[in-house]
Amino acid sequence: MEIYFSPEVITPQFQILNVVNGQEKALGNVALLFDEKKLYVYGILEEEGVSENFKDIVYPYVKGLAKAKPDLEVYSCLYVGCEQISLNDAENEKEEEKK
């Protein structure tokens, strides 16, 4: 199942993005909070079968935001169903694919 971001609120201090499927049904959300040198990422997705897709859209989005500030520390807490997922795992998988 394909999932997408649908922005709810975007300000310089925070972003709230709904996660929707192709029929625009809300499946969860992601909140991004910006501090001077920190980015906090909180996300909850109710649909358990799309954890890889969730990582595939969150990881490049956060990586792109982190490019704006080179010293930015990223803290994340992401859940799909009741299972926590890690963006570090996604980064390691992307590096493995390059080899």
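Now for a look at the structure at hand. It should be emphasised that the depicted structure is a prediction, and the values quoted were computed from it without experimental measurement.

This next bit is on helix α1 (residues 51-66). Between its first and last C-alpha, α1 extends 22 Å over 16 residues, near the 22 Å set by a 1.5 Å rise per residue. All of the buried residues in α1 are F54, K55, I57, V58, Y59 and V62.

Further remarks concern the nonpolar core. Ranked by size, the top nonpolar core spans 20 residues in total, and within it I3, L45, F54 and V58 carry the most contacts. Breaking this core down by element, the ones donating at least two residues are β2 (14-21), β3 (26-34), β4 (38-45), α1 and β5 (73-80). Among the elements that take part in this core, α1 stands out by supplying 5 residues, more than any other. With near-sequence residues (within four places) excluded, I3 lies in contact with V19, V20, N21, L27, L45, V50, N53, F54 and I57.

Attention now moves to the environment of M1. With respect to the helices and strands, the residue M1 is situated in the segment before β1 (3-10). As for M1 and E47, which are separated by 46 residues in sequence, their C-alpha atoms are 9.9 Å apart.

The final tally for this structure, using the stated rule, is 2 salt bridges. Between D71 and K37 there is a salt bridge, with the nearest N and O atoms lying 4.0 Å from each other. Of the two residues, D71 is situated in the loop between α1 and β5 and K37 in the loop between β3 and β4; the sequence distance between them amounts to 34 residues. Given a relative accessible area of 48%, K37 falls into the partly exposed group.

Glancing now at the packing of aromatic side chains. The full count for this structure, using the stated rule, is 2 aromatic pairs. Arranged with centres 5.2 Å apart and planes meeting at 65°, the rings of F5 and Y61 form a pair that is edge-to-face. Residue F5 is located in strand β1, and its partner Y61 is located in helix α1; the two are separated by 56 residues in the primary sequence. Judged by relative accessible area, F5 falls into the partly exposed class, the value being 22%. In this structure Y61 comes out as partly exposed when scored by relative accessible area, which is 28%. Their ring planes at 20° and their centres at 5.5 Å tell us that Y40 and Y75 sit as a pair that is stacked. With Y40 in strand β4 and Y75 in strand β5, the pair connects residues that are 35 residues apart, well separated along the chain. With relative accessibility at 36%, the residue Y75 sits in the partly exposed group.

Turning our eyes to something else, we now look at the pairing of β4. With burial as the criterion, only one face of β4 is covered, namely that bearing L39, V41, G43 and L45; the residues K38, Y40, Y42 and I44 on the opposite face remain uncovered. In terms of strand pairing, β3 meets β4 through 7 bridges, oriented antiparallel. Paired with L32 across the two strands is V41, which belongs to β4. Joining the antiparallel neighbours β3 and β4 is a turn of 3 residues. As judged from the 8 bridges shared by β4 and β5, these two strands associate in the parallel manner. Directly across from I44, in β5, lies its bridge partner Y79. One crossover worth recording links β4 to the parallel β5 by way of α1, and it is right-handed.

So, how was this worked out
Residues numbered from 1 in each chain as written. Predicted model: local features only at pLDDT ≥ 70, side-chain atom pairs only at ≥ 80, totals over all residues. Heavy atoms only, no water. Helix = DSSP H or I, 4+ residues; strand = E, 2+ residues; numbered from the N terminus. Expected span 1.5 Å × (residues − 1). Buried < 20%, exposed > 50% of the residue type's maximum accessible area, 1.4 Å probe, protein only. Core = buried A, V, L, I, M, F, W, Y, C linked by side-chain atoms within 4.5 Å. Contact = heavy atoms within 4.5 Å. Salt bridge = Lys/Arg side-chain N within 4 Å of Asp/Glu carboxyl O. Phe/Tyr/Trp six-rings, centres within 6.5 Å; stacked < 30°, edge-to-face > 60°. Pairing = 2+ DSSP bridges. Right-handed = clockwise from strand over helix to strand, strands pointing away.

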